[in-house]
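Per-entry structural report
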There are 2 protein chains.
Amino acid sequence: MQGTSDTVEFTAFHNAPAFAHGLVRDIRVRWACEEIELPYKTRLLDTFAERPPGYLREQPFGQIPSFRDGPLDLFETGAILLHIGEKDERLLPREDAARARAVSWLFAALNSVEPALMNLVTIDIFASGQQWAQLGRPHAEEFARRRLRGVSQWLGQQEWLEGRFTLADLMMISVLRNVRHTTLVSEFGNLAEYQARGEERPAFARALAAQSADFAR
Amino acid sequence: MQGTSDTVEFTAFHNAPAFAHGLVRDIRVRWACEEIELPYKTRLLDTFAERPPGYLREQPFGQIPSFRDGPLDLFETGAILLHIGEKDERLLPREDAARARAVSWLFAALNSVEPALMNLVTIDIFASGQQWAQLGRPHAEEFARRRLRGVSQWLGQQEWLEGRFTLADLMMISVLRNVRHTTLVSEFGNLAEYQARGEERPAFARALAAQSADFAR
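Now for a description of the structure that goes with this document. (Residues numbered from 1 in each chain as written. Chains lettered and ligands numbered in written order. Predicted model: local features only at pLDDT ≥ 70, side-chain atom pairs only at ≥ 80, totals over all residues.)

The omega angle of the peptide bond from isoleucine 64 of chain A to proline 65 of chain A is -5 degrees, so this bond is cis rather than trans. The residue proline 65 of chain A is located in the loop between helix H2 (55-58) and strand E3 (66-69) in this model. For glutamate 37 of chain A, which is not glycine, the phi torsion reads 50 degrees and is therefore positive. Along the chain, the position of glutamate 37 of chain A falls in the loop between helix H1 (26-35) and strand E2 (40-45). Judged by the 10 C-beta atoms lying within 10 Å of it, glutamate 37 of chain A falls in the exposed class. The phi dihedral of glutamate 76 of chain B is positive, around 80 degrees, even though this residue is not glycine. Tracing the backbone shows glutamate 76 of chain B in the loop between strand E4 (72-75) and helix H3 (77-86). (Helix = DSSP H or I, 4+ residues; strand = E, 2+ residues; numbered from the N terminus. Buried ≥ 20, exposed ≤ 12 C-beta atoms within 10 Å, placed from the backbone.)

Structure below.
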């Protein structure tokens, strides 16, 4: 699955509420592109407006990013990262066993960790002030903590999840950032350091700056 | 990522609460194996007991399945399905554009649909009777409905998500089954038919029978 185009294109927003700056999911795709110096273009949508006609055929849930690489149409950041990873072994190892581990952790970030963390985002931000959210917060926090503990125990004193930086770390760190409004990650010293290690990468800084620039237009 | 072993092996349970029969996640891997006649062995754990020593190095969250194909170790059903898909185009198309679509929907099932549905499982089963669960149910149900509507609108009158059956359908249908205790899927006639179409596949029936047989030991 190697796209043939010189420039990939994906959708992003030209505006977003402050809490979402640096979190909106195109950041993951920008970061991946920056890691391998893959040129990209963004097509900007309005967060608060109805999606353009036909957009649900690009992204069935009306979210961003949808992604195009020449004749290939993708959506879901996991699928997009995997596609970009196929272009460059710096993101996705070519050796079978290492590849299997990176792909496993990519899915773990999205199916075992992110849902638990997003429940806290819903409770604290989207539904804050609602009684069920207040009452349900301890349960959600404990569930999130349990999943973070799993990652923390695995990581131990390793720098990255599996030996060296891959798209799995890019995704896991992007997912951990979802709860930056809490102190949850910092309960696990090695996870906080791991997240910081990712955020210190020049490619991440460029991705963040590029997303901010699109918001500033 | 083509494993070389003749028989893959993964973990499953030899017991489970009744509500989880047919849903425990090894069913997804069994189903994929059955679709391509790939022989497999299960290594059975006790749902209710502590995990065996070292199991967190196989599956960092203590869940099943962890999966082995010769020298390759994987976890997360998404990663495992993708790995099995690499073995046989009946599960994962070889043509780039079709492959991109199947992988996109595989991630969509796991990151956009399943979290919304699992919140209802938590509320109705794991936390039933708790006040926050009762109060929060309408919000969770509406979120789940919105995601199902996205899939339903995409599907329209198509038989499968992208032309013909792939691992994306296998995963999406497995995910829809999580809320079989509700009438949510049946609100969308085409989704209910889609789910039934998957469940009528002989490979699914064999997978279900095999999981039941492991419970009956």
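Our focus in this paragraph is the relation of the copies chain B and chain A. Note on the copies: chain B fits chain A at an RMSD of 0.0 Å, the axial shift is 0.0 Å, and the rotation between them is 180 degrees. Each copy turns onto its partner about a two-fold axis. In terms of C-alpha distance to the rotation axis, chain B has tryptophan 132 of chain B as its closest residue, with the C-alpha 2.3 Å off the axis. Residue by residue, 100% of the interface of chain B is reproduced at the interface of chain A, so both copies engage with the same surface. (Least-squares fit on C-alpha atoms with pLDDT ≥ 70 in both. Contact = placed C-beta atoms within 7 Å.)

What follows deals with the sheet that holds strand E1 (residues 8-13) of chain B. Residue and element names in this part refer to chain B. Strand order across the open sheet formed by four strands is E2-E1-E3-E4, with mixed pairing between neighbours. In the strand order of this sheet, the two ends are held by strand E2 (40-45) and E4, each with one partner. Across the sheet, the mean angle separating the axes of adjacent strands is 25 degrees when strand polarity is ignored. Strand direction decides the pairing type here: E1 and strand E3 (residues 66-69), joined by two bridges, are antiparallel. The residue bridging glutamate 9 from the neighbouring strand is arginine 68, located in E3. (Pairing = 2+ DSSP bridges. Axes fitted to C-alpha atoms, helices over the stretch in contact; angles between N-to-C directions.)

So, on to the packing of helix H4 (residues 96-126) of chain B against helix H6 (residues 167-176) of chain B. Residues and elements named next belong to chain B. Orientation of H4 relative to H6, taken along the N-to-C sense of each, is 5 degrees, at an axis distance of 8 Å. Our classification of the angle between H4 and H6 gives roughly parallel. Here Ala102, Trp105, Leu106, Ala109, Leu110, Val113, Glu114 and Leu117 of H4 come into contact with H6, specifically with Leu167, Ala168, Met171, Met172 and Val175. Its residues assigned to classes, the contact of H4 with H6 comprises 12 nonpolar, no polar and one charged. (Parallel < 35°, antiparallel > 145°, perpendicular 65-115°, else oblique. Nonpolar A, V, L, I, M, F, W, Y, C, P; charged D, E, K, R; others polar.)

All names here are of chain B. One way to put it is that helix H1 (residues 26-35) packs onto helix H8 (residues 202-215) with a least axis distance of 8 Å and a crossing angle of 135 degrees. Viewed along their axes, H1 and H8 adopt a mutual orientation that is oblique. Note that H1 runs across H8; the crossing there is right-handed. Along the contact surface, H1 presents Asp26, Ile27, Arg30, Trp31, Glu34 and Glu35, while H8 presents Ala203, Phe204, Arg206, Ala207, Leu208, Ala210 and Gln211. Here the contact of H1 with H8 is built from residues that sort into seven nonpolar, one polar and five charged. (Left-handed = near helix turned anticlockwise from the far one by under 90°.)

The next thing to look at is H8 of chain B. Residues and elements named next belong to chain B. With 14 residues, H8 extends 20 Å between its outermost C-alpha atoms, agreeing within 8% with the 20 Å of an ideal straight helix rising 1.5 Å per residue. Taken together, the buried positions of H8 are occupied by Phe204, Ala207 and Gln211. With its buried residues spanning 60 degrees around the axis, H8 presents them on a single face. Residues of H8 that are exposed and point over 90 degrees away from its buried face: Pro202, Ala209, Ser212 and Ala213. (Expected span 1.5 Å × (residues − 1). Arc of directions from axis to C-beta.)

Moving on: the sheet that holds strand E1 (residues 8-13) of chain A. Residue and element names in this part refer to chain A. Taken together, four strands build an open sheet; the order of strands is E2-E1-E3-E4 and the sheet is mixed. With one partner strand each, in any of the chains shown, E2 and strand E4 (72-75) form the two edges of the open sheet. On average, each strand axis in the sheet is tilted by 25 degrees relative to the strand beside it, whichever way the strands run.

A few words now on the environment of glutamate 58 of chain A. Here glutamate 58 of chain A lies in helix H2. Between the C-alpha atoms of glutamate 58 of chain A and arginine 68 of chain A, which are 10 residues apart in sequence, the distance is 9.5 Å.

With 39 residues of chain B at the contact, the number on the chain A side is 39 residues. For the side of chain B that touches chain A, the secondary-structure elements that each account for two or more residues are E4, H3, H4 and helix H5 (131-155) of chain B. Looking at which element gives the most residues to the side of chain B that touches chain A, the answer is H4 of chain B, with 14 residues. Of the residues assigned to the side of chain B that touches chain A, the class counts are 23 nonpolar, 10 polar and six charged.

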